[in-house]
Amino acid sequence: MAEKENKMEKIVSLCKRRGFVFQGSEIYGGMAGLYDFGPYGAELLNNLKSEWWKTHVRLRDDYVGIDSAMFKDPRVWEASGHTSGFSDPLSECKKCNTRIRVDKELNNIGVSADEKMSELALQNLFEENKNKISCPKCGSHDFTPTRAFNLLVKSNLGDFTSEGKNPVYLPGEACQGIYLNFKNVVNSTRMQIPFGIAQIGKAFRNEISPRNFLFRTREMEQADTQYFVKPNENKEEYEKIKKYRFDWYVGLGINSENLKFVQHENLVFYAKDAWDIEYNFPTGFDELEGIHDRSDYDLTQHMKYSGTDLNYTDPYTGEKYIPWVLETSVGMGRMFLAFMCDAYTEDELGGEARVVLKLSPKLAPVKAAVFPLLKNKPELVKKAREIFGNLKKEFGSVEFDDNGNIGKRYRRQDEIGTPYCITVDFDTIEKDQTVTIRDRDSGKQERVSENDLIPYLKEKFS
Ligand code: GAP
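Owing to the predicted nature of the structure, the values given are computational and were not obtained by experimental measurement. Along every chain, residues carry numbers that run from 1 in the direction the sequence is written. Local features in this predicted model are restricted to residues of pLDDT 70 or higher, and side-chain atom pairs are both shown and tallied only at a pLDDT of 80 or more, whereas totals for entire chains, interfaces and linings draw on every residue. The side-chain figures draw on all heavy atoms in the structure; neither hydrogens nor water molecules are used.

1. Brief notes about the site of the ligand
Put simply, a residue is near a molecule or strand once any heavy atom of it comes within 4 Å of that molecule or strand. What surrounds the ligand is a group of 20 residues, the closest being Glu 173, Glu 207, Thr 217, Glu 287 and Leu 288. Polar contact is the term for a pair of N or O atoms within 3.5 Å; when the atoms are in protein, one must be able to donate a hydrogen and the other to accept it, and sequence-neighboring residues count only if both atoms are side-chain atoms. Between the ligand and Thr 217, the relevant distance is 2.8 Å, taken from a nitrogen atom to a main-chain nitrogen or oxygen of the residue. The backbone of Leu 288 places a nitrogen or oxygen atom 2.7 Å from an oxygen atom of the ligand. Protein contacts shield 91% of the accessible area of the ligand, which totals 550 Å² for the unbound molecule. Accessible areas in this description were obtained via Shrake-Rupley with a 1.4 Å probe; residue shielding takes into account the shown protein chains only.

Right, here's the structure in full:
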C-alpha cells in the first residue's frame, strides 16, 4: 500500500513540477477540490477530449454532439430530483467541527455503504461503527448524527433581488443539457431512434471531502453520451455501449488488467441497471466511469415539469413514445488521472534510472522534440530550427531543445511523455541528410532521411 500511496505522491509532484496540474488559487493558499491544468496538462486534456469526441461523434453516424449552456431554468433541477435528492451523508466532529462523508468513512473501515442508501440506514450503520471511525483532524470519535447534505452549488446569475431569493444552480451533472435539447436535435437533424447525443460539459458539486487529487473535485468536466432507444429495447444496446467504452480505454493504451466492470448494488430509484468501469488507481480500484440504464425517467420528468411534449414519433409507424436513455458519464479529470497513473513508469535505460510517461502518441502533450547535437555549432542549430519549424507546422505541439547534454534532454522529454526525439548531427548536414529518431519507450534510435520525417511520424501517430 505504501508503495501505491507513494506512486500517487510522485504523480502529483510530477504534475506540478512539469506543468501538468496546479492547485487552484495556489498563490492564495489553494482551494480544496479545485485544480488548474498547466501547459502540458491542457494539451493532454485536450487530446483526451478530442479522442473521445472523435470516437463518439465524428466516427459514428448515430451520434451528434452538442454544447449546452451551463445555467438552466432552476425547475430543471427540481425535475431531475437534484434539489431534493442530490446529497451525500454528512456528519461533523463535535470537538473540532471537521466534516466527514459518512459512507466513505464507513468504506474506509471495511463497512459497505454508499450515498444511495436511506438516511436512516446510514445513520444506523454509523451508530454501530462510530467508535472505529476517527476524526481525520483531531482523532475524536464524537460525531453529530448523519444528515443529508445537498451537493448543488447555487448562483445569483440573473437574480437581482440582492437577497438570493431566486437562485439558479450550477449544473450538478452535465447530462441535463442533453435531455433539454432532445426535441431540438430531433427537429433540427435527421437523427432517428436509436441515436445518441454526446457532450463534454462542466459540473459542480459541493463535495464534503474532495480527495485524491483529481479523483474527487468540486468542479469537473463530464464527458457524457446519452443513447435514446425504444422502450424495452435497451438490453442489447446497453451491452454494446459498455464494451465500446471499455475498449476505448484499452485502445488508448490503458492496461486492461487495470480496468474492471462493477455492477451497482443499490440502484437509484429510476435506474434499470448501472455499472461502473473501475480503474486500479494507486489508492485501489475505484469508479472511473458510470454506465447507466436510466429508463424514461429524465424525459418524462422534463415533460411533466416543463409542460412540453417530449414524445418521439416514429416516422415510419407513427408510434409515439418517450424514449429510454442509456448513459455513459466520465469525469475528464478522473480520466486524466487514470491515464497518468497507467503511463507513469520508473525504469532503467542504458544503465540509468529514469521516469517516463508511456502515453499513447495520440495523447502525448508534445508529439516530438528536435535537438541540435551541439548548441555552439550554428550550422547544426540552423538545420535543427528548420526541421523544428516544419514539424511544428505539421504536428503543432513540437519542442526545440538545445540545453544541456543529449541524455538530459531525453530525460526531460521522457518525463512528459514525448514519444520521439529527433537529433540533428554532422551526418545530417555533411553526409546524407538523415537525422536520428529515438523511441521513448525502447530508447532505440534509427536514422531517417530528413525528407521522410513527416510521413514517418504521421504513420506512428495514426
Ligand atoms: N450523469 C450521471 C452522473 O453524473 P455520476 O456517477 O455522479 O453520474 C459520473 O458521475 C462520472 O463523473 C463519475 O464516474 C466520475 O468519473 C465523474 N465524477 C463524479 N463526481 C466527481 C467528482 N467529484 N470529481 C471528479 N469526477 C467526478
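2. What to know about the sheet that holds strand S22 (residues 434-439)
Strand pairing is assigned whenever DSSP identifies at least 2 bridges connecting the two strands. Per the convention used, a helix needs a DSSP run of H or I reaching at least four residues, while a strand needs a run of E reaching at least two, with both numbered from the N terminus. Read from one edge to the other, the open sheet built from five strands follows the order S20-S19-S21-S22-S23, with strand pairing classed as mixed. Only two strands of the sheet have a single partner each, and these edge strands are strand S20 (398-400) and strand S23 (445-449). On average, each strand axis in the sheet is inclined to that of its neighbour by 25°, with strand direction left out of account. For every element, the axis is a line fit to its C-alpha atoms; helices are fit only across the contacting stretch, and the angle between N-to-C directions ranges from 0 to 180 degrees.

3. A closer look at the pairing of strand S10 (residues 219-229)
With 10 of 11 residues buried, S10 lies mostly within the body of the structure. In this structure, strand S9 (residues 195-204) lies alongside S10, joined through 10 bridges in antiparallel fashion. Bridge assignment links Phe 204 to a residue of S10, and that residue is Glu 219. Of the strand pairs in this sheet, S10 and strand S16 (residues 324-331) are connected by eight bridges, and their pairing is antiparallel. Each residue of the ladder has a partner; that of Phe 228, found in S16, is Val 325. When a residue's accessible area, from a 1.4 Å probe over protein chains only, is under 20% of the maximum for its type it is buried; when over 50% it is exposed; and in between it is partly exposed.

4. What to know about the pairing of strand S12 (residues 273-281)
With eight of nine residues buried, S12 is to be regarded as a mostly interior element. Sheet topology note: the strand S11 (residues 259-263)/S12 ladder contains five bridges and is antiparallel. Considered in S12, the bridge of Phe 261 is made with Ile 277. The pairing of S12 with strand S13 (residues 284-293) spans nine bridges and is antiparallel.

5. Re the environment of Met 31
On the secondary structure map, Met 31 appears in the loop between strand S1 (21-23) and strand S2 (35-37). On the basis of relative accessibility, which here comes to 45%, the residue Met 31 falls in the partly exposed class. Note: C-alpha distance between Met 31 and Thr 161 (130 residues apart in sequence) is 29 Å. Beyond its immediate sequence surroundings of up to four residues, Met 31 is in contact with Gln 23, Gly 24 and Ser 25. Should any heavy atoms of two residues lie within 4.5 Å, those residues are considered in contact.

6. Regarding the sheet that holds strand S3 (residues 63-65)
Reading across from one edge, S3-S9-S10-S16-S13-S12-S11 is the order of the seven strands in this open sheet, with mixed pairing throughout. At either end of the open sheet lies a strand with only one pairing partner, and these are S3 and S11. Each strand axis lies, on average, 25° off the axis of its neighbour in the sheet, ignoring direction. Against the sheet, helix H9 (residues 235-251) makes contact with S3, S10, S11, S12, S13 and S16, and its axis sits at roughly 145° relative to S13, the strand it touches most.

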